[in-house]
Structure formats: C-alpha cells, structure tokens
Amino acid sequence: MLPARFDYQRPETLEEALFLLDRYGEDGKILAGGQSLIPLMKLRFASPAYLVDINRIPGLGDIKESGGKLVLGALARHNEIADSDVITARYPLVASAAPQISDPIVRNLGTVGGSLSHADPAGDWGSVMLALGAEVVVRSSSGDRTLVIDDFLRDTFTTDLRPNELLVEVRVPAPSPHSGGAYLKLERKVGDFATVGVAVQLALNDGHVATAGIGLTAVGPKNLRARDAEESLAGAEPGDAAFAKAARLAAAAAQPQSDVRGSADYKRHVVEVFVRRGLARANQMAKA
Amino acid sequence: MATEATEIRGVGHSVKRKEDDRFIRGKGTYVDDVKLPGMLHMAILRSPFAHARIRSIDTSKAGALPGVIAVVTGELMAQHKLAWMPTISADTQAVLATDKVRFQGQEVAAVVAEDPYIAKDALELIEVDYEPLEAVVTPQRALEAGAPVIRDDKEDQKDNHIFHWESGDKEATDKAFAQADLTVSLDTFYPRSHPAPLETCGCVADLNPATGQATIWMTSQAPHAIRTVFALVAGLPEENIRIISPDIGGGFGNKVPVYPGYVVATAASLLLGRPVKWIEERSENLISTGFARDFYMKGELALKRDGTMLGLRASLLADEGAFHADAQPSKLKVGLFHIVTGSYDFPAAHVVADGAYTNKAPGGVAYRCSFRVTEASYLIERLVQNAAYELGMDPADLRLKNFIKPDQFPYRSATGFVYDSGDYHRAAKLAMEKLGYDELRKEQERARDEGKLLGVGMASFTEIVGAGPSADYDILGLKMNDGAELRIHPTGKAILKLSVQTQGQGHETTFAQIVAEELGIQPEDVKVMHGDTDNTPYGLGTYASRSTPVSGAATAMVSRKVREKATKIAAHLLEVAEEDVQFEKGRFFVKGAPDRAKTIQDVAFAAYTNFPAGTEAGLEGVHYYDPPNLTFPFGTYLVAVEVDPDTGEWNVRRVVAVDDCGVRINPMIVEGQLHGGLTEGFGIAKMQLITFDEAGNCIGSNFMDYLLPTAWETPRFELGETVTPSPHHPIGAKGVGESATVGSPAAFVNAVIDALAHLGVRNIDMPLTSSKVWEAIQQSSAGAPAG
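Residues numbered from 1 in each chain as written. Chains lettered and ligands numbered in written order. Predicted model: local features only at pLDDT ≥ 70, side-chain atom pairs only at ≥ 80, totals over all residues. Heavy atoms only, no water.

(A) Geometry of the overall build of chain A. Helix and strand counts for chain A come out as 12 helices and 14 strands. Projecting the C-alpha coordinates of chain A onto the three principal axes gives extents of approximately 55 × 45 × 30 Å. Burial analysis of chain A (288 residues in total) assigns 53% to the buried set. Across chain A, contacts joining residues at least 24 apart in sequence account for 63% of those joining residues at least 6 apart. When the accessible surface of chain A is totalled, it reaches about 12000 Å², and 48% of it is carbon and sulfur. Treating the 32 positive side-chain charges of chain A as one cloud and the 35 negative ones as another, the clouds have centres 4 Å apart. (Helix = DSSP H or I, 4+ residues; strand = E, 2+ residues; numbered from the N terminus. Buried < 20%, exposed > 50% of the residue type's maximum accessible area, 1.4 Å probe, protein only. Contact = heavy atoms within 4.5 Å. Areas by Shrake-Rupley, 256 points an atom, 1.4 Å probe, with all protein chains shown as cover. Lys, Arg positive; Asp, Glu negative; His and termini not counted. Charge placed at Lys NZ, Arg CZ, Asp CG, Glu CD.)

(B) Geometry of a nonpolar patch on the surface. All names here are of chain B. A cluster of nonpolar side chains, Ile 69, Leu 270, Leu 271 and Leu 272, forms an exposed patch at the surface whose accessible area comes to about 320 Å². If one sorts the elements of the nonpolar patch by residue count, helix H8 (residues 260–272) sits on top with three residues. Tracing the backbone shows Leu 272 in helix H8. (Patch = residues over 30% accessible without salt bridge, like charges linked within 9 Å, V, L, I, M, F, W, Y side chains within 5 Å. Salt bridge = Lys/Arg side-chain N within 4 Å of Asp/Glu carboxyl O.)

(C) Layout of the nonpolar core. All names here are of chain B. Counting residues in each nonpolar core, the largest one holds 122 residues, and the members touching the most others are Phe 337 and Val 643. The contacts of Phe 337, once residues within four sequence positions are left out, are Phe 295, Met 297, Ala 314, Leu 316, Val 351, Phe 371, Arg 372, Glu 375, Ala 376 and Leu 379. Counting residues in hydrophobic clusters, the runner-up holds 37 residues, among them Ala 70, Leu 96, Ile 241 and Val 263. (Core = buried A, V, L, I, M, F, W, Y, C linked by side-chain atoms within 4.5 Å.)

(D) View of the packing of aromatic side chains. Residue and element names in this part refer to chain B. Enumeration according to the criterion identifies 23 aromatic pairs over all chains in this entry. For the ring pair Phe 189 and Tyr 296, a centre distance of 4.1 Å and an interplane angle of 15 degrees mean the geometry is stacked. Taken as a pair, Phe 189 in strand E10 (residues 182–193) and Tyr 296 in strand E15 (residues 292–303) lie far apart in primary sequence, 107 residues in all. Of the residues examined, Tyr 296 reaches a relative accessible area of 23% and is grouped as partly exposed. Centre to centre, the rings of Phe 371 and Tyr 543 are 6.3 Å apart; their planes meet at 70 degrees, and the pair counts as edge-to-face. Of the two residues, Phe 371 is situated in the loop between strand E17 (348–356) and helix H10 (373–391) and Tyr 543 in the loop between strand E25 (526–529) and helix H15 (547–574); the sequence distance between them amounts to 172 residues. Here Phe 371 and Tyr 543 have matching classes, each one buried. (Phe/Tyr/Trp six-rings, centres within 6.5 Å; stacked < 30°, edge-to-face > 60°.)

(E) Summary view of unusual backbone geometry. For the bond from B:Phe409 to B:Pro410, the omega torsion is -5 degrees, close enough to zero to count as cis. Between B:Met766 and the following residue, B:Pro767, the backbone shows a cis peptide bond with an omega angle of -10 degrees. Mapped onto the fold, B:Pro767 is located in the loop between helix H18 (739–756) and helix H19 (770–781). Phi at A:Arg44 is positive, roughly 60 degrees, even though this residue is not glycine. Note on A:Arg44: relative accessible area 13%, which makes it buried.

(F) Looking closely at the pattern of salt bridges. Scanning the model with the defined rule gives 76 salt bridges over all chains in all. Here A:Arg145 makes a salt bridge to A:Glu165, at a shortest N to O gap of 2.8 Å. Note that A:Arg145 is positioned in strand E7 (residues 143–148) and A:Glu165 in the loop between strand E9 (158–159) and strand E10 (166–173), a separation of 20 residues in sequence. Salt bridges sharing partners connect three or more residues here, namely B:Arg53, B:Asp91, B:Asp99, B:Lys100, B:Arg102, B:Arg151, B:Asp152, B:Asp153 and B:Lys154.

(G) A look at the sheet that holds strand E30 (residues 634–643) of chain B. All names here are of chain B. The strand order across the open sheet formed by four strands is E20-E30-E31-E34, and the pairing between neighbours is mixed. The open sheet has two free edges, formed respectively by strand E20 (453–462) and strand E34 (718–721), since each of these has just one partner strand. Recorded for the sheet is a direction-independent mean angle of 15 degrees between the axes of neighbouring strands. As defined by bridge partners, E20 adjoins E30 across 10 bridges and the pair is classed as antiparallel. Bridge assignment links Leu 453 to a residue of E30, and that residue is Val 643. Its contacts with the sheet put H18 on E20, E30 and strand E31 (650–660), and the angle it makes with E20 is roughly 150 degrees. (Pairing = 2+ DSSP bridges. Axes fitted to C-alpha atoms, helices over the stretch in contact; angles between N-to-C directions.)

(H) A look at helix H12 (residues 424–435) of chain B. Residue and element names in this part refer to chain B. Between its first and last C-alpha, H12 extends 17 Å over 12 residues, near the 16 Å set by a 1.5 Å rise per residue. Where H12 is concerned, the buried positions are Tyr 424, His 425, Ala 427, Ala 428, Ala 431, Met 432 and Leu 435. The buried residues of H12 all sit within an arc of 170 degrees when viewed along its axis, so they share a single face. Where the residues of H12 are buried, they touch helix H11 (395–402), strand E19 (418–419), helix H13 (437–449), E20, E30 and E31. One or two residues past the end of H12 sits Gly 436, with phi positive at roughly 75 degrees. (Expected span 1.5 Å × (residues − 1). Arc of directions from axis to C-beta.)

(I) The arrangement of the domain arrangement of chain A in detail. All names here are of chain A. When its domains are assigned, chain A resolves into domain 1 (7–53), domain 2 (63–173) and domain 3 (179–287). For domain 1 versus domain 2, the distance between C-alpha centres works out to 19 Å. Contact with domain 1, which involves 12 residues of that partner, is made by 15 residues of domain 2. Summed over both partners, the interface of domain 1 with domain 2 buries about 1100 Å², with 70% contributed by carbon and sulfur atoms. Of all residues in domain 1, the largest losses of buried area upon contact with domain 2 belong to Leu 14, Leu 18 and Gln 35, amounting jointly to 39% of the total for that side. Between domain 1 and domain 2 we count zero salt bridges in total. Here domain 1 and domain 2 share two residue pairs in polar contact (both at pLDDT 80 or more) between them. Class assignment for the residues of the side of domain 1 that touches domain 2 results in six nonpolar, four polar and two charged. (Domains from an automatic or database assignment. Buried area = accessible area lost by both parts, 1.4 Å probe. Polar contact = N/O pair within 3.5 Å; in protein donor to acceptor, adjacent residues only side chain to side chain. Nonpolar A, V, L, I, M, F, W, Y, C, P; charged D, E, K, R; others polar.)

(J) Structural detail: the interface of chain B and chain A. Counting residues at the interface gives 26 residues for chain B, matched by 24 residues for chain A. Interface area for chain B against chain A, summed over the two sides, is near 2200 Å², with a carbon-plus-sulfur share of 59%. Looking only at chain B, the three residues that lose the most surface to chain A are B:Tyr117, B:Trp712 and B:Trp774, adding up to 20% of its buried area. Our count for the chain B to chain A interface comes out at four salt bridges. Secondary-structure elements contributing two or more residues to the side of chain B that touches chain A are helix H4 (116–123) and H19 of chain B. Among the residues making up the side of chain B that touches chain A, the classes are represented as nine nonpolar, seven polar and 10 charged.

(K) Molecular detail of H4(B). Residues and elements named next belong to chain B. For H4, the full list of buried residues reads Ile 118, Ala 119, Lys 120, Ala 122 and Leu 123. Residues of H4 that are buried sit in contact with strand E1 (40–46), helix H2 (60–64), strand E3 (68–73) and strand E7 (107–113). Its side-chain oxygen 2.6 Å from the backbone nitrogen of Tyr 117, Asp 115 forms the N-cap of H4.

(L) Representation of the packing of H10(B) against H11(B) within the structure. Residues and elements named next belong to chain B. It is the contact of H10 with H11, at a shortest axis distance of 8 Å, that shows an interaxial angle of 110 degrees. It follows from the interaxial angle that H10 and H11 lie roughly perpendicular. Read as a crossing pair, H10 and H11 show a hand that is right-handed. Where H10 abuts H11, its residues Glu 381, Val 384, Gln 385, Ala 387, Ala 388, Tyr 389 and Leu 391 lie against Pro 395, Leu 398 and Arg 399. Here the contact of H10 with H11 is built from residues that sort into seven nonpolar, one polar and two charged. (Parallel < 35°, antiparallel > 145°, perpendicular 65-115°, else oblique. Left-handed = near helix turned anticlockwise from the far one by under 90°.)

In structure tokens, the structure reads:
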C-alpha cells in the first residue's frame, strides 16, 4: 500500500488552486476528502504527479440556502450534510442519503464535490442529484460554467470537468410544498458500495403528481436517470398502480451486470422493489 | 510477606487482561515496529497470471534504480538450492517461480532496497515475459481427463489428483443404508475464506555474517516449529537460529506456515550481510497466504422412520490450490474432518476424501478451526436440519433424540475418536429455553400465514481440540507436545515461559491464573513470556485451540512439580515431616494446626536463603505435556432471522450461544473469544468469499471485496454456559478459541433455510447474499425446489 512518488501543494485560496491546476494540467489531481483518491494511489491504480489539496480553502464547504436553492459547497462532508438542520427540515432525499454513504469514517472526510467528480457509478450522490434536478458550478481561471447534473456525469469515472476546472458548488432546487423523497440502498455491509441504490423525489400538485425524479445507483455505467418512469408519473394519480408501473419502467432502464454482489436479474428486481417502496414513502411525505 | 486472606484470583476469575495495558496505549511491539541499524526493505513481485510459463525475467532496469541493493529471482535462489521449499503437508512449494507460475499472486522475484518505496518502485521495472496457459480454477475441472497438469515440476505427478483418504467402516455403513427407511442427502460447498488477520505477515531477518547468528523476528503462531523448519530447509545450525515472534495482531491459522517471503528475506540477509525487513501488503496477504475451507461436500444420512440415525456417509473434494500446503497433523489428509459424526450416536459412518491441485493460492490452514472440524460440523448440522424437514420432525427434537447420552462418555465414535465428556442435552435445552424456542416456532407459523418469513436455525456442534497425543499427532515428525517452564524468584514473584504464542487469546493473563490456582501466587505477580525460541521451552505453537489443552496442562503440571519442592521447604521451615504439610490457596500449613503456616512467598524466599540440607537451591521446573487424548468442547447455537421475501435480505433477530468448554479459566476472556468467533461465523455465512473468475483472477483481494463484519452489522449475542470438565485435563479445561467459528456458520445458514423450508428450499451455498436468497425463493416459487 505504498503510493508512487508525488508532489503535494496545499493552496490557501481558490485562485491559488486554480493557478496550480492550470500549471499542472493532466498531471495534477485535486485532493478533497481523499476517500477514493488515496486508496487508488495506495493501490497504484492512480499515480498523479501533483496533488492539489483544497481542504484549507475557506468557504468551500459551506451549506446554505440561497436564491431558492440549497447550495452545497464542494467540500461539504457527508456527515456535515447529514447533520445540517436546513437539510433535515427541507430536503428529505438528501437527508436520507447522506447517512447511508459508506461508513462513519468515510463520511467524516468524504465530500459531496469529490464524490460527484469521481463519478463512480456506485456512488450515491449522483443518483440523488439526478432525482433532484441539481446543477453543478465548475470554475477555472477563465471563469464559471453551470451544468445540469445529467450533463456533468458523462460516463464511468468520467465527468465534463476539464483538467484545470474545479467543481465548486452543487445547487439543489428547493422542493415545492407538497413533496417528499427517499434514498433506498442495498449493501452487503456498512461501508460497502451499493449493490443497488434508488433515489426518488416526488412533488404533488392538486392531488396529482407534478414532477418525479428517479436516480439509480450501481446498475449502469454511471448513475442513471429513469426517464420513462419519471414521465409515466407526471400527471398521474399517486398510488400503487402508478408506482408499480413506474417501478417496472425504472427496472427496464437499469443496465445491471452480474457480479459478487448479485445477479443482473436480482439487481433489476431490487430496482423495481425500491422504486415502488421509495415512491410510496415519498408520497406519504408529500401528502403529510 | 504474609498475604493474609486476600482472595487468590486463580481459575474462574474474570481478571482484566494484563496485556491490554500496552496495547491500549499503543506500546505493543509488532514485527513492523522492529527497526535495526542498516536494515534494508524487501518487496515481492507477484504473478498477474494464474497459470503461465515464464519465458524470461529481465531485472536490469530494476537493478539500476538508485537505492536498489539487489534483485532476487528464482534462478538466484536455485543456485543456493532454495528455489523450492517443503510444505507442512510434505509437498513442495516454489519460493520464487523458475519454470511456471501456478496461481495469481505467486512470488516471482524480490527487490531489496534502501527504503520500502524504492523497493516497490523497482518492482514495476522488472520485465517478465509470460506465456499464459489455461487456468484450472475448480477441483472438478482439475480432475477431468485432459485438464492441464499444474504440477509438471513433479516427476510422478501425471494429473492434478493429490490424495485419496478414507475413514470409518464402509461395509457397516452400506449395511446401515440398506436397512434405512429413509435417506437424506445434502450437497453443499463451503467456500474459500481467509483468516485475514489485521496485522499481515512479515519478518525482519538479521543474519550476522561474522557470528553466524540468525535472528528472525516473525509474526508466527509457531516460532519453535519454524526454527526447526529453517534449520532443516536452509541447513543453518539450529542453535544459531533465534525466532522471535513479538506481539501478534491476529493469526487465526494464517501465521502457522512458512511463506516464501520469509525464506527470501532470510536468504537476502545472509547474502547481503544486512538485516532485511519484509512486510506484506493487505492484498498480498489475501491473495497468497494460507486460505481456509474450499470443500465440496456431500453428506448422506440413513434414518429410521422414527428419526433414529443409522449411518452417515460423507464425501468431499478439497480444492488445495497449486501446492499442497495444508497445515495439519501429518497422518491426516483432511485433518480431523472425520469428526463429522458430530454430536450424534451413529452406529456406522464412512468418510471419503480427495484433494486436487488448482491454479489458486496454496495453504489450506485451519482458520480459527481445529483441522477441518469446521467443515465437518457445518455438513452434519446442515444435514440433520434438512433430515428433520423430510421426517416432518422438529429439528431440535431430531437432535435430542440422537445425541450421544451423558452416560455414554467416554464415547467411541464410528470413525474412532474417543470423546472425553459431554452433556449435549443439557446445553441444547438451556439454549432453547433462553431463546424461547417453542414460542418462536409458534410465531413462525403465524408469520407464514401472513406471508412473512421467519426462521430458526440450530447447530449443536462438537469441537475436537488440543492436538495431540504423541502416538497419533505430529507435524513433519515433530510430536504435538508443548512445554511450560516456571521459575519462582526469591521475593515470591514468578516467571512462566511458554512454548505457545498468543495472538490475542490473553495467554499472559490466563496462564498466570493457572499458576495462581496451583501455587497461590497472584496473576499480576506471574510474568508470562512467550515467542522467543532462545528463552522458552520447545513446542508446536498456538492454533487449533490447543494452547489451554496442551500448554495450559503443562503449566498446571509444572506448577504442581514446583509445589512438591515447595512442600519440602515448607516442612523444613515448619519443622514438621513433609507428610504433615497441607497446601491451600498459597499457604502451607501443619495438618490439624492451620495457624502454623508459611506462605508461598515465605517458601520462595527460603528456597534461596534457608533450604534444607541436601536440597538444591531455587524453586523452578519445566514440564512437557503429552495429552492423553484430545478434548471435545461442545455447545448449541440458536439463531432467529427474518427474511424479506421481496429482496432476499435477511436480518438476525436473536443469537443464543450456549458453550461448554469445560472449566473456564477466565470467563471474561472466554466470552470475548466467543463474541469474536460468532462474529467471524456470521461474516462467513453472510458476506465473506474469496472467489476467482474463469481466468483464475482472485476476486476478494482487498477489504472492499473481502468483507469483514464490523460492529455496525454484527448482531447482539446472548451467551450461556454449561460446564462439563474434561476428565483427563489437569484443570478440566477444554479450549474455546474456535468453538464459535466452528459451530455458528451452520446455525446462521440453517436459520435462513428454515425461513424458506416450507417453500422447499434445502440449500444455499455460503455466503448467503441477498441475491442468492432471493434466487432460491424464485426457484422454489416457480415449482422447482432449489438445492
């Protein structure tokens, strides 16, 4: 578990960090919580020449509501998100997902920005942000870009980030009054990556489904949006029939592979069960 | 010096562990803490292929890297006749590959460098030209005609078959089956698992070219045996070899064998004249060192309609990996697997076993297990549970009907063991009472009516530990006896030296308690030493729950020897005849006059200051214990689970574990051992698996893939005890370190099967992932009974 040689920089400001990213280009790698990068380096699956440690940059981990959105700074730790009062009160899907990420040790250090930038298809935040219709803001020395999460997460371990860009914040639209959400995760043990994860967000209007968001974890090359299932719910009467139909469509959208965690058939089946259960739970919240 | 009426904290006291003070403060000394002047660091290059011919190895670039001192290949080792080494099972194993690599992770070359990072960097510069060959990843494939011969290095080896072994009486067993009203069979696979000690393997080899002294710090469970093996393999004079096994961060059987890294580091130190340290990385430990289990088993029960057991057949195929390196007594090819008749009174039994080479890591060690009793216990307990379903009997009733009865002990089993003592009914009934067994069965009925799945699993295991009597038990010819040496100092403090080596079992506390029990010296006044071959008596080490049965017995016996001499000195001090002196709890007193007394401390002082004429000074002794028999701990474990029919997830609701390990020396430590073993059994049943893809790539090579249960998912355990002393052990103790790993996997699996039994499910191979449980439900609902 000995990494290859690397140089380490710890900028104190965002400007300095962006300057270093410009200078190092492809040879540089951002170190946030380090919960994926450091193990990869110790296994020598990754051997970046330069690490740019952003942990000391002030303000980069703030959690706040602003302009009708929840703004998560890139450095917000999973456990800070789980403990945030504003999130517990108003963002049930985020609140339900955060404490299910890995184990307490990883949650103390791991960050939302790092997790999304790593783009592991078994990562939990990608599905949550898809279901919520979140945006991310990425910054480089030449300015900001704002992308919807669907465009940010491009493929397995691949995002739209350029080598000199840093994800600085995630923006989650504030939920409408009659809404609910939940994250359901099947794991072999605490700390294991998901066998299957499902993020569900449901908004009601006048007794009907206004919008639905469904994100799927660990059943495809990246976090997937179950678009057909979402569309089938729009305008539908919330209840078992509509939820069962959406669950079937979500299962059809999954692209699972058989591995030691379970067979492809099994994972597809669990997607269906979890979407059904998640929608029922979200519906109860929305009606309350 | 009088101790007054202070209670002696001997056997039966939950004395806090003396060793924990240094561990909790971070002051332990593990092998990686050993740092010597001029020490070099070694790293090993391992094969990426499961089976490949080595065309060439080019080390020139690695050798040119600044800081690299030497690059060692099999060719270099061969020049010193060290390219191959013997295994514990009398096979050979490659130290560094010369001709072929035979498993992924096999040792191919080593780099010795000034620091560990440079050594690791240099590995990437070694160029090996491999010609990949077909990998054989199952023993079934290995034994097919036309399968590639893995061990073409051995002249007489024309296929992949290693051994055939039988036990019991075939004819009597066939007759029993012919008379049966009913036969029940079970095919099941006990998958490959790994002991995964948190401290990986490693050593620091320091060979002094001037003196010829070889000092090797090694994280080993059996330092004395290792010293002898080094003398035999490397031709070093044994008096010049000193193995020091410092604090050990877990062993579980993984640290019994000699691994190639030890041999290469020792050879490198000899050739370079500098100390060489080698510490395994986590993945190296998981992919290359001693695994466990990997048995394909079939069991068949012959029964009368009323449930009476008439006979048992067991056949198994063992996946041994590329070199036959099982750690087990020499005469036994599948260890103690023939204890498979378990807790039941079988008139006849027959066991057939075969072993095969595959392209996998070698070294079938007994992972927290006494030589394959774990597999045996699993098979019989699963089979009995299934038989109950076919008979329409409650699984507990079937067990109670067939248990060996208390008055049958000592009991000779159908495969030839003599069980020392037991009361299986008492332990089972206590466990059932603690669980509320009958009530839970009623709840299960109600749950099924509501479409819910609730299951109760039972396992009434019989362990077999304390190997062993010299007539039958040896490893490479070395008899499995162990020693203890005791010295009482003038101030009445003692030092006890053991041949066995703790890896967390608490020897420094429990063995001091044995001395306390026998001599009345408080445990805190008895310093326990172990692990240094220059300073401890000879013995075969700690594994297979043998420390208490063998070295613990030696400790009691040497204490008694010392007490005999102390009695003479006490008689001298009390001015009475020796026959008139009585001993009790640290006091020697005149019979009939208990006030005329001398304490053990008084006597110890006199042993150096005022001993009778004609007596040697000092108060010390040594004893080597040859156990007259093995010991047979037992118990009943009950597990209740709930299964989610939609997802196959299962959650443990209750675990009740009643153990009988004979007399408990330190009840707190016994309970700690049981908690650990139950956790490991739970992990094996639910999540652990070292598996391989078709190309022989190991899946499970790190702790993201090979799962160890943590406090988060581990269920709560409710413990209970009965005490049936061993009649032949000096203090009646039987050993307990492994009971829970042996007994519990079947209880967890039986619980899940029990939840699905009414659907026709009879087997799911471990680990019982939710995926496999769900698939079993699907297949049964579809009308085709699974298993």
